[in-house]
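Now for the letters of each chain:
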Amino acid sequence: MRHIISLLMENEAGALSRVAGLFSARGYNIESLTVAPTEDITLSRMTIVTRGSEEVIEQIVKQLNKLIDVVKILDLSDGSHIERELMLVKVRAFGKDREEMKRMADIFRGRIIDVTEKTYTIELTGPGTKLDAFIEAIDPVAILETVRTGASGIGRGERILKI
Amino acid sequence: MTSDALGIMINDSFEWVAGMELTGAEITVRCLVDEGVELVFGYPGGAVLNIYDEIFKQKGFKHILVRHEQAAVHAADGYARSTGKVGVALVTSGPGLTNAVTGIATAYMDSIPLVVISGQVPTGAIGMDAFQEVDSVGITRPCVKHNFLVKDVRELATTIKKAFHIASTGRPGPVLVDIPKDVTAHKTAYVYPESVVMRSYNAVVKGHSGQIKKAAQMLLEARRPMIYSGGGVVLGNAAKQLTELVRLLGYPCTNTLMGLGAYPATDPQFVGMLGMHGTYEANMAMHNCDVLLAVGARFDDRVIGMPAQFARDSRRIIHIDIDPSTIAKRVKVDVPIVGDVGAVLDELIKLVRASRERMDEPALAEWWKQINEWRARDCLNYDRASEIIKPQYVIEKLWEVTNGDAWVTTDVGQHQMWAAQFYKFDQPRRWITSGGLGTMGFGLPAAMGVQLAHPEATVACITGESSIQMCIQELSTCLQYRTPVKVINLNNRYMGMVRQWQEFFYGNRYAESYMDSLPDFVRLAEAYGHVGMRIEKPADVEPALREAFALKDRLVFMDFITDQSENVFPMVPNGADISEMILAEEL
Ligand SMILES: Cc1ncc(C[n+]2csc(CCOP(=O)(O)OP(=O)(O)O)c2C)c(N)n1
């Protein structure tokens, strides 16, 4: 099962490597990991997307909790939540493809943020599945470069991760 | 200058003045004093010279100069295991730290509270591949409970306080504090915090009352109960409660290798150690019980083998541990209780006493009958008429000669298992062994730490001729500080445990397990200024032990020439089913 885990941790040097080290040392898999400071500069918020059986996920959460720098954890997958990821795609866009690319970007509610005679750079936000769908939808040979941030997530409604 | 009992020169003229700005080095030393540290095991070097200069000027604690940093950490570890206090080691940057890593990992695997202070190159040089620079925080990260790099002298005192707090609370463990050399020179006002509060670390956990009620109920419903306790009971100082509960219930009790001494081994309710080299009765009872109470233990691979096989027999499990990640890690548990083992056991005892329900006496009698049948196999029997010294015999005699009252450290191998099987520990903290990491070289330095913590105590280091050579240099430290440890070297000329596996599983191909060119241990001991003895006949074992232990103020190195072909039984081969246990008589 895919799980998306959010955690708040001390914004200390080395905190990120403790988390990354834990995953590699115990053989847990990481699909994506994002981290940035929060409005409280002493705290960072991390979102980890991982996969594993219920037992493995339980261990992951417990082991993360044991890290001294980790302040609070929430397995977002335990309840309703929203997930977003940002992708930048540079595509070939000339001749008849140029119009087609523009149309695809519109359909996926992407924005063209950089334009040259031969290329577009498209910005796309959404759940990971939507970004996958976009990649599927366009001609693979047209893709020059992609970069994705990995998922960030937040609970719906009253579900709040805060100290 | 005056000199103390150990002949260490002390400068009496040094005094602290309150409110004064102190250097990082002064602060480090002052923190240790204010923390109540009695002994620091260490080795100097460039990055810690400022700290050493302050050590020279103080008399709040004693510094023990080891001969190798690995030994500094093992000695601090032995001190910690035998006292329950935090052990402290001090090493320099680079090679000092890398030498210490084996010691740190050893303590980590067995959850031993240590604070290790390491020097680091100056902050400005970090990352420049400076002389004796290593990424100490990076290297130790996977084998410490936590670590710190102190970049600002103003954070030094709080960091050291945090280190002691983290090391000693919750599930204990080693904490490293890495201090760059310039930080030891910078100055700031000194205040040692009384306590620290960390929003991200809250170690105090009280067991869930509802769960404890369920556990009491389940225990009283049992028809074939078993109580299995581990190192957590020793670390949590809960041996008294465990003993009380076991006696109250009248149930059988087994200890893991790490848990020996938590329940008195000479008590009839004790069925011996369990696991790979555990007794037949302990392992059989563990697998055939219907209700299992696990306290401060972790169902590790050397104890239950493969989880899938263990789970084939159905039993209900109650698991008490301070570390939530230990619960449900390897086996499914019916009643998990996260909390301090002592407090949980107290509550459990109260509930069992108050309960109107009583255990099923006829079922229990039947269960004991079964256990006693298993016991009758006498799985620890060995050839007592042997003409060659049997290692088991040495341990039995050691137990007799020391009235079962010694502090015993070991190295790793067959001798370690025989020590666990044949020295009957009746008290916690007397048995000091590297269980999790299995570190050869641990025994002698650990014994030094134990002896320094308990100067009047009888301390024996049970070792093998291979293991002892991994930290033999500490014989020199033992002379300097007059630690009269008795080294019991079970000399079988082989890395016995390796040889045993090669005999069983590799068709007697003894690849590189023969210890050739051994030193003459008697002369070696003498060269280090100690007493050496060589014992070659069974009849000489007891008199020699009596003679050695009568030499109260001398280290005696006893080289017992033992049977080369002896194996440790019973043995459950790695990954095998409990039913595949090999007993001595079957060979
Ligand atoms: C540092 C280290 N290296 C290797 C091993 C693997 N090992 C486990 S037991 C053993 C043999 C120990 O021989 P000895 O000290 O003579 O004890 P014996 O088994 O003969 O009693 C070895 C090499 C280890 N545990 N630790």
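The structure we're discussing is the one just above.
Rules and cut-offs
Residues numbered from 1 in each chain as written. Chains lettered and ligands numbered in written order. Predicted model: local features only at pLDDT ≥ 70, side-chain atom pairs only at ≥ 80, totals over all residues. Heavy atoms only, no water. Helix = DSSP H or I, 4+ residues; strand = E, 2+ residues; numbered from the N terminus. Buried < 20%, exposed > 50% of the residue type's maximum accessible area, 1.4 Å probe, protein only. Salt bridge = Lys/Arg side-chain N within 4 Å of Asp/Glu carboxyl O. Contact = heavy atoms within 4.5 Å. Near = heavy atom within 4 Å. Areas by Shrake-Rupley, 256 points an atom, 1.4 Å probe, with all protein chains shown as cover. Nonpolar A, V, L, I, M, F, W, Y, C, P; charged D, E, K, R; others polar. Phe/Tyr/Trp six-rings, centres within 6.5 Å; stacked < 30°, edge-to-face > 60°. Buried area = accessible area lost by both parts, 1.4 Å probe. Polar contact = N/O pair within 3.5 Å; in protein donor to acceptor, adjacent residues only side chain to side chain.

**Student:** Residue-level account of unusual backbone geometry, with values.
**Tutor:** Residues and elements named next belong to chain B. Backbone torsion omega between F569 and P570 reads -10°, so that peptide bond is classified as cis. For P570, the position within the fold is in the segment after strand 22 (556-561). Even without a glycine there, the phi angle at D129 is positive, about 55°. On the basis of relative accessibility, which here comes to 73%, the residue D129 falls in the exposed class. We note that S517 has phi near 55°; this positive angle belongs to a residue other than glycine.

**Student:** Give a description of the pattern of salt bridges that names residues and reports values.
**Tutor:** Residue and element names in this part refer to chain B. A full pass over the atoms with the stated rule returns 41 salt bridges over all chains. Among the ionic pairs, D53 bridges to K57, the shortest N-O distance being 3.5 Å. Taken together, the residues span about one helical turn, with D53 and K57 both in helix 2 (residues 49-57) at a distance of four residues. Owing to a relative accessible area of 39%, D53 belongs among the partly exposed residues under this scheme. Residue K57 is classed as partly exposed on the basis of its relative accessible area, which comes to 24%. Among the ionic pairs, K206 bridges to E347, the shortest N-O distance being 3.8 Å. A residue pair is termed long-range when its members are at least 10 positions apart, and K206 in the loop between strand 10 (187-189) and helix 8 (209-221) and E347 in helix 14 (residues 341-354) qualify at 141 residues. For K206, a relative accessible area of 61% gives the class exposed.

**Student:** Give a detailed account of the environment of M258(B), specifying residues and quantitative values.
**Tutor:** Residue and element names in this part refer to chain B. Structurally, M258 can be placed in the loop between strand 12 (253-255) and strand 13 (270-273). C-alpha of M258 to C-alpha of S229: the two residues are 29 residues apart in sequence and 9.0 Å apart in space. If we ignore the near neighbours within four places in the chain, the residues touching M258 are R81, D110, G230, G231, V234, T433 and G435.

**Student:** So what about the site of the ligand? Which residues, and what values?
**Tutor:** Residue and element names in this part refer to chain B. Close to the ligand lie 17 residues; Q414, G438, S467, G496 and M497 are nearest. A total of 590 Å² of accessible area belongs to the ligand in isolation, and the protein chains cover 77% of it. Sorting the residues of the shell around the ligand by element identifies helix 17 (414-422) and helix 20 (496-505) as the ones contributing at least two each. Considering each element in turn, the shell around the ligand owes the most residues, three residues, to helix 20. Its residues placed into classes, the shell around the ligand shows seven nonpolar, nine polar and one charged.

**Student:** Talk me through helix 22 (residues 538-550) of chain B; I want residue IDs and the actual numbers.
**Tutor:** Listing the buried residues of helix 22 of chain B in full gives P538(B), V541(B), A544(B), L545(B), A548(B) and F549(B). Turning to helix 22 of chain B, the residues buried within the fold contact helix 16 (391-401), strand 19 (459-464), strand 20 (486-491), strand 21 (531-535) and strand 22 of chain B.

**Student:** So, the packing of aromatic side chains: which residues are in play, and what are the values?
**Tutor:** All names here are of chain B. Considering all chains together, one arrives at 15 aromatic pairs over all chains under this definition. Ring geometry for Y263 versus F270: centroids 6.4 Å apart, planes at 25°, classification stacked. Relative to F505, the ring of F504 has its centre 5.9 Å away and its plane inclined at 85°; by these criteria the two rings are edge-to-face. Among the aromatic residues, those joined into a ring-pair cluster are W501, F504, F505 and F569.

**Student:** Break down the interface of chain B and chain A for me, with residues and values.
**Tutor:** A common way to state how big an interface is: give the accessible area lost once the parts meet. Counting residues at the interface gives 17 residues for chain B, matched by 17 residues for chain A. Ranking the residues of chain B by area buried against chain A places R141(B), R199(B) and S200(B) at the top, with a combined share of 42%. Taken together, the connections running from chain B to chain A amount to three salt bridges. Summed over the shared surface of chain B and chain A, the number is eleven residue pairs in polar contact (both at pLDDT 80 or more). Among the residues making up the side of chain B that touches chain A, the classes are represented as six nonpolar, four polar and seven charged.

Taken by themselves, the reported measurements are silent on function.
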